[in-house]
Amino acid sequence: MKSGYVAISTKIRAMYAGHLEIADYEQLLKKNSVGEICAYLKQSAEFKEALQNVNELNVHRGDLETSLEQIFKNHYSGLYNFADLQKKRMLRFIFMKEELDFLKRAVMYAMSEESETNLRIPYPGDAFFQQHTRIDLEAVKRAGSLSDIVEGCRDTPYYDILNRVSMNASDPATVLMLLDRYYFERLWRAKNRYVEKAGREAFTRYIGSDIDALNVLWIYRCKKYFKTSNEFIYTYIIPIYYHLSEADIAGMVDAQDLGACEQAIRNTTYAYLLDRTNGTAFMDGNYARKRYQAAKKAYQLHPLSMTEIFAFFDLKAIELANVKTIIEGIRYQVDPQTIRENIYIG
């Protein structure tokens, strides 16, 4: 079965060869403007083509980020068009994540009045995205309420879930959680059909650990910030258990107070999520750091597999997020050390 991955793995390895190294990030952290960051990235073969029409002398942050997103799009569309039918069925979940990211930004904008600059259509002008999505992109971008977003998704697989949640959702966090739940439930079922048997255990471990960690994050947020009912928490967690058992989840959800919830978390393999949370770290940052490490390890240990493909795209997404964090930090003159603590490298 692995022989079917040789060509696609070769393409992935060639694309990853241009990734940013620690030394590159250190150079980026020394820059004083968005233009200087753009000029540095233009020297890299990975970024040169995407940035060839961007003038570093007057580049706007949003335009630079949009051009950088084009690299992710090019990698995805290239691999998708190259893959056989079975691999395409799994690759569509990476595309689904892009659709859901767009919908999440739309939900945040419509329900919490976030700045419209946070709601850009993924890959503006990208024919591949527009050809394959069934979301009414313009209708969703104009949406002023959750019901408007629901209508924009009428011809998509997301309509039913959004329509149900629109009846009683009062805050965007619950909508976002249900979209994540929908994604992982679909992905969990699909892996048993479309991931080859020899590589299924590694893929299950890679995805399952992520689901566990996201559930812990959700429970902790509900306990610490929202003071929501236990029934509410059970309704919205992802109903999939990997290293965590139902008893582990119950121990966190039914905990009498935040301290008891934290102790329940520390009794699991996800205790790292609480590292230094009483000091400078936040649980979300611990999650992101561990997710990067997991992606790097999976990419290295499982070549010629679906795990390699998903880990590659996770690493590229993290790289893009890192660069955006640096751009944002330098734009607002944030101390380089503070920026460094919020990017995931090494």
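Residues numbered from 1 in each chain as written. Predicted model: local features only at pLDDT ≥ 70, side-chain atom pairs only at ≥ 80, totals over all residues. Heavy atoms only, no water.

As recorded by an unreviewed UniProt entry, the protein carries the name V-type ATPase subunit and is attributed to Candidatus Avimonoglobus intestinipullorum.

A word on the environment of Ile-94
The test is simple: Runs of H or I in DSSP of at least four residues are treated as helices and runs of E of at least two as strands, each being numbered from the N terminus. The contact criterion used throughout is that any non-hydrogen atoms of two residues lie within 4.5 Å.
Of note, Ile-94 is situated in helix α6 (residues 85-112). If we skip the residues at most four places from it in the chain, Ile-94 touches Phe-72, Tyr-76, Ile-309, Phe-310 and Phe-313.

Some points on the layout of surface pockets
The condition is simple: Cavity and pocket criteria rest on a 1 Å grid covering protein atoms alone: a 1.4 Å probe that fits but cannot get out defines a cavity, protein on both sides within 12 Å along at least 5 of 7 lines defines an open pocket, and an atom within 4 Å of a point defines a lining residue. Grid points are joined across faces, edges and corners, and a volume is the space filled by probe spheres set on the points. Amino acids are sorted into nonpolar (Ala, Val, Leu, Ile, Met, Phe, Trp, Tyr, Cys and Pro), charged (Asp, Glu, Lys and Arg) and polar (every other residue, Gly among them).
A volume near 480 Å³ is recorded for the second largest pocket. What lines the second largest pocket is a set of 20 residues, and nearest its centre among them are Arg-205, Ser-209, Lys-290, Ala-294 and Lys-297. Among the secondary structure elements, those contributing two or more residues to the lining of the second largest pocket are α12 (197-226) and α16 (283-301). Per element, the largest residue contribution to the lining of the second largest pocket is eight residues, and it comes from α16. Per-class residue counts for the lining of the second largest pocket are nine nonpolar, six polar and five charged.

Observations regarding the packing of aromatic side chains
This is how it is decided: Centres within 6.5 Å are what make two rings of Phe, Tyr or Trp a pair, Trp counting through its six-membered ring; a difference in plane orientation under 30 degrees is then read as stacked, over 60 as edge-to-face, and the rest as tilted. Using a 1.4 Å probe on the protein chains alone, a residue whose accessible area is under 20% of its type maximum counts as buried, one over 50% counts as exposed, and one in between counts as partly exposed. Charge-over-ring contacts are defined here by two conditions on Lys NZ or Arg CZ: a distance within 6 Å of the ring centre and an angle within 35 degrees of the ring normal.
A complete count under the given rule lists 19 aromatic pairs for this structure. Ring centres of Tyr-76 and Phe-95 lie 6.2 Å apart, and the angle between their planes is 25°; this geometry places the pair in the stacked category. Taken together, the residues Tyr-76 in helix α5 (residues 61-82) and Phe-95 in helix α6 connect sequence positions 19 residues apart. For Phe-95, a relative accessible area of 10% puts it in the buried group. Among the aromatic side chains, those forming a connected cluster through ring pairs are Tyr-16, Phe-72, Tyr-76, Tyr-80, Phe-95, Phe-128, Phe-129, Tyr-299, Phe-312 and Phe-313. A cation sits over an aromatic face here: Lys-11 above Phe-82, 5.1 Å from the ring centre. The side chain of Arg-13 reaches across the aromatic face of Tyr-299, ending 4.0 Å from its centre.

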